[in-house]
Amino acid sequence: MSTPAPAAGDAVAAVLMELAEIREQVTGLRIARADDQSRIADLTVALQRVTGQRRGGGKDGEQEGYEPIPAPRWWQLAGEERADAIGRLRAWVAAVFRPGYGHLARQVGPCWEQHDLCLYLLAWLSELHAAIFLAPERLLTSEADWHTRLLPAAAAQMAAETGGCDHLAPAGDITRTSTDPWAGSP
């Protein structure tokens, strides 16, 4: 029986080393996949809690919790349909946004109804607010994200949109007052 040449033995050892490394990578990928599946399952449960959706629904097959309305297509809405959609937002702004969000709400000009960007943002803000705060179970991470990231970013966009428009200045006057524009006349 002949023994393989040293070069062949080195090649076999190198292949076995590569095979061992690949085996470790595959094991790592399997673990990562299992972790991902676990996270996806946890996120699915959290989403179901936020939206109130459960398998089998609530009593008599009804869904529990809040179910968002279809997103308004502002660019297509006109007349009474647009007025109704704005009225829904106006009610949320008056009941939740203005009284509850202080300086963030005061940054947004009262002419927000005349700015499509504000309508887009307020539509999802009001729906997300309802989905979070009307959920059957309280999810603190959703509330924290809403208050520290989503709402301030949207308010800043609306402030930029309404802050430089002509709606607040009287005809012929390009200066703006520093008072709260939502408060009406001084």
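Trainee: Quick rundown of the nonpolar core? Include the residues and the values.
Mentor: Generally speaking, nonpolar side chains in soluble globular proteins are found buried as a group. With 25 residues, the main nonpolar core has W74, F97, W112, L122, L125 and M158 as its most contacted residues. Here this core gets 7 residues from one element, more than from any other, and that element is helix α4 (residues 116–133). Residues within four places of M158 in sequence aside, it is in contact with F97, V108, C118, L121, L122 and L125.

Trainee: Give me the lowdown on α4, citing residues and values where you can.
Mentor: Over its 18 residues, α4 runs 25 Å from end to end, which matches the ideal 26 Å to within 8%, given 1.5 Å per residue. Looking at α4, one finds that the buried residues are C118, L119, L121, L122, A123, L125, S126, E127, H129, A130, A131 and I132.

Trainee: Any details on helix α5 (residues 140–163)? Residues and values, ideally.
Mentor: Taking 1.5 Å of rise per residue, 24 residues should cover 34 Å, and α5 covers 32 Å from first to last C-alpha, within 8% of that figure. When the local axis directions of α5 are compared, the greatest deviation, roughly 45 degrees, occurs at W146. S142, E143, W146, L150, L151, A154, A155, M158, A159 and T162 are the residues of α5 that are buried.

Trainee: Residue-level account of the packing of aromatic side chains, with values.
Mentor: How two aromatic rings sit relative to each other is given by the distance of their centres and the angle of their planes. Per the stated rule, a full pass over the model turns up 5 aromatic pairs. Ring centres 5.8 Å apart and planes at 20 degrees place the aromatic pair W92 and F97 in the stacked group. Residue class for W92 comes out buried when judged on its relative accessible area of 10%. Between Y101 and W146, the aromatic rings sit 6.3 Å apart at their centres with planes inclined by 70 degrees, giving edge-to-face as the arrangement. Of this pair, Y101 sits in the loop between α2 (79–100) and α3 (102–106) while W146 sits in helix α5, and the two are 45 residues apart along the sequence. Residue Y101 shares its accessibility class with W146, and that shared class is buried.

Trainee: Tell me about a nonpolar patch on the surface, and please be specific about residues and values.
Mentor: Judged by side-chain polarity, V12, L16 and L19 come together as a nonpolar surface patch covering roughly 290 Å² of accessible area. Here V12 lies in helix α1 (residues 6–51).

Trainee: Any chance you could break down the packing of α4 against α5 for me, citing the residues and the numbers?
Mentor: Contact pair α4 / α5: the axes reach a minimum separation of 10 Å and the direction vectors enclose 165 degrees. As far as their axial angle goes, α5 and α4 are roughly antiparallel. In the crossing of α4 with α5, the sense of the turn from one axis to the other is left-handed. In this structure, α4 uses L117, C118, L121, L122, W124, L125, L128, H129, I132 and F133 to contact α5, whose residues at the interface are S142, E143, W146, H147, L150, L151, A154, Q157, M158, E161 and T162. The residue inventory of the contact of α4 with α5, partitioned by class, reads 14 nonpolar, 5 polar and 2 charged.

Trainee: Break down the state of the cysteines for me, citing the residues and quoting the values.
Mentor: A disulfide bridge is the covalent bond that connects two cysteines by way of their sulfur atoms. Tallied over the full model, the rule gives 0 disulfides. The closest cysteine sulfur to the non-disulfide-bonded C111 is located on C165, 3.3 Å from its own sulfur. For C111, a relative accessible area of 6% corresponds to the buried category. Under the relative-accessibility criterion, C165 is labelled buried at 13%.

Trainee: So what's going on with the pattern of salt bridges? Residues and values would help.
Mentor: Considering all chains together, one arrives at 4 salt bridges under this definition. Here R90 and E113 are joined by a salt bridge, their closest N and O atoms 2.8 Å apart. Of the two residues, R90 sits in helix α2 while E113 sits in the loop between α3 and α4, which places them 23 residues apart along the sequence. Looking at R90, the relative accessible area reads 40%, which means it is partly exposed. Here E113 falls in the partly exposed class, since its relative accessible area comes to 26%. Residues R149 and D145 are paired through a salt bridge, measuring 2.6 Å at the closest nitrogen-oxygen approach. In this pair, R149 and D145 both sit in helix α5, 4 residues apart, roughly one turn of the helix.

Conventions used here
Within each chain, residue numbers correspond to sequence positions counted from 1 in written order. The model is predicted, so local features are restricted to residues of pLDDT at least 70 and side-chain atom pairs to those at 80 or more, both for listing and for counting; the totals for chains, interfaces and linings are taken over all residues. Note that the side-chain values use all heavy atoms of the structure and ignore hydrogens as well as water. Here the nonpolar core consists of buried residues drawn from Ala, Val, Leu, Ile, Met, Phe, Trp, Tyr and Cys, with membership extended through side-chain atoms lying within 4.5 Å. Accessibility here uses a 1.4 Å probe with only protein chains present; expressed as a share of the type maximum, an area under 20% marks a residue as buried, one over 50% as exposed, and anything in between as partly exposed. In this text, helices come from DSSP runs of H or I with a minimum length of four residues, and strands from runs of E with a minimum of two, each type numbered from the N-terminal end. Two residues form a contact once any of their heavy atoms are found within 4.5 Å. Residue count minus one, scaled by 1.5 Å, sets the expected span of a helix. Bending is quantified residue by residue as the angle between axes fitted to the seven-residue window ending at that residue and the seven-residue window starting at it. Pairing of aromatic rings covers Phe, Tyr and the six-membered ring of Trp, with a centre-to-centre limit of 6.5 Å; geometry is then stacked below 30 degrees between planes, edge-to-face above 60, and tilted otherwise. Each patch groups residues whose relative accessible area exceeds 30% and which form no salt bridge, using 9 Å between like charges and 5 Å between nonpolar side chains of Val, Leu, Ile, Met, Phe, Trp and Tyr. Note on areas: Shrake-Rupley, 1.4 Å probe, and residue coverage restricted to the protein chains presented here. One side-chain nitrogen of Lys or Arg within 4 Å of one carboxyl oxygen of Asp or Glu is enough to make a salt bridge. Every angle, taken between N-to-C directions, lies between 0 and 180 degrees, and every axis is a line fitted to C-alpha atoms, over only the stretch in contact when it is a helix. Here roughly perpendicular refers to angles of 65 to 115 degrees, roughly parallel to angles under 35, roughly antiparallel to angles over 145, and oblique to all remaining angles. Handedness of a crossing follows from how the near helix is turned relative to the far one, being left-handed for an anticlockwise turn of less than a right angle and right-handed for a clockwise one. Just so you know the grouping, Ala, Val, Leu, Ile, Met, Phe, Trp, Tyr, Cys and Pro go in nonpolar, Asp, Glu, Lys and Arg go in charged, and all remaining residues, Gly too, go in polar. Criterion for a disulfide: a pair of cysteine sulfur atoms within 2.5 Å.

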